[in-house]
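Single-letter residue listing:
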Amino acid sequence: GQGVKVLRAAAGRSVADHPEALREALMPAKAHRLEVPGDGAELTVLERAAYDVLTIWALHQECLGGRAAHRVPVRGFEYWVGFVAGLDVAGSRVREESFEHVLREGVDASELASRVSDFVRVLADYGVGFDYARFAQDYFSLLSGGALRDAVVSQWSEDFAHGKRA
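This structure is a prediction, so every number in the text was calculated from the model and none was measured.

How each quantity is defined
Residues numbered from 1 in each chain as written. Predicted model: local features only at pLDDT ≥ 70, side-chain atom pairs only at ≥ 80, totals over all residues. Heavy atoms only, no water. Phe/Tyr/Trp six-rings, centres within 6.5 Å; stacked < 30°, edge-to-face > 60°. Buried < 20%, exposed > 50% of the residue type's maximum accessible area, 1.4 Å probe, protein only. Helix = DSSP H or I, 4+ residues; strand = E, 2+ residues; numbered from the N terminus. Expected span 1.5 Å × (residues − 1). pLDDT = per-residue confidence, 0-100. Axes fitted to C-alpha atoms, helices over the stretch in contact; angles between N-to-C directions. Parallel < 35°, antiparallel > 145°, perpendicular 65-115°, else oblique. Left-handed = near helix turned anticlockwise from the far one by under 90°. Contact = heavy atoms within 4.5 Å. Nonpolar A, V, L, I, M, F, W, Y, C, P; charged D, E, K, R; others polar.

1. Considerations on the packing of aromatic side chains
Next up, step 1: For the structure on display, the rule yields 13 aromatic pairs.
Next up, step 2: Ring plane angle 85 degrees and centroid distance 5.0 Å describe the contact between Tyr79 and Trp80, whose orientation is recorded as edge-to-face. Neither residue differs from the other here; Tyr79 and Trp80 are each classed as buried.
Next up, step 3: Measuring from centroid to centroid gives 5.6 Å for Phe135 and Tyr139, while their planes differ by 50 degrees, and the two rings are tilted. Placement of the pair is Phe135 and Tyr139 together in helix 7 (residues 132-144), with a separation of 4 residues, close to one helical turn.
Next up, step 4: For Tyr139, a relative accessible area of 0% puts it in the buried group.
Next up, step 5: By way of ring pairs, the aromatic residues Phe77, Phe99, Phe119, Phe130, Tyr132, Phe135, Tyr139, Trp156 and Phe160 are connected into one cluster.

As structure tokens, then:
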């Protein structure tokens, strides 16, 4: 419906440019609309993670074009990114470097969302789905920083390597 279109259009883009998508992500019922700060600067980590994850989900669904994903999504996003990198010998190093960049300390939320959106488009091209619930938790942890972020970076690095070798 219209809500998914709003979310899809905002994937990987600034909250400030798409406050309607944040409202849709956090409070889809029209009677409970949320007032969103114009620049997005006052968002909590949870609000930002919810916005990003839902817009990325909508983008993935749109890129799949109504097709069901070929792969059973029992593996995480990072595994499938590694898997696809392993399939594409010519683009493998570029994808690996981009993935490593996502995991670097200090990557801001906007860049993280943009790069993850790029990976999601590639996964959809290959018809690959992934565990969205785990992805949402991991994404929140990446944005949270500290020990939560460190644990996800470690897990994603390991899973990416396993996927690439599969």
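2. As for helix 3 (residues 45-64)
Along an α-helix, residues three or four positions apart point the same way, because every turn accommodates 3.6 residues.
Next up, step 1: Relative to the 28 Å expected for 20 residues at 1.5 Å per residue, helix 3 spans 28 Å between its end C-alpha atoms, a close match to the ideal helical length.
Next up, step 2: For helix 3, every residue scored as buried is listed here: Arg48, Ala49, Ala50, Tyr51, Asp52, Val53, Thr55, Ile56, Ala58, Leu59, His60 and Leu64.
Next up, step 3: Phi turns positive, to about 60 degrees, at Gly65, one or two residues after helix 3.

3. Digging into the confidence of the model for the chain
Next up, step 1: Predicted confidence across the chain gives a mean pLDDT of 83, with 86% of residues reaching 70 or more.
Next up, step 2: Here helix 2 (residues 19-26) is the element of the chain with the lowest mean pLDDT, 73, and helix 8 (residues 146-165) is the one with the highest, 94.

4. Concerning the packing of helix 6 (residues 109-125) against helix 7
Next up, step 1: Put simply, helix 6 and helix 7 touch, their axes get as near as 11 Å, and they point 150 degrees apart. The angle between the axes of helix 6 and helix 7 places the two elements in the roughly antiparallel class. Helix 7 is crossed by helix 6, and the crossing has right-handed handedness. Facing Ala109, Leu112, Ala113 and Val116 of helix 6, the residues of helix 7 in contact are Phe135, Tyr139, Leu142 and Leu143.
Next up, step 2: Of the residues belonging to the contact of helix 6 with helix 7, the class tally is 8 nonpolar, no polar and no charged.

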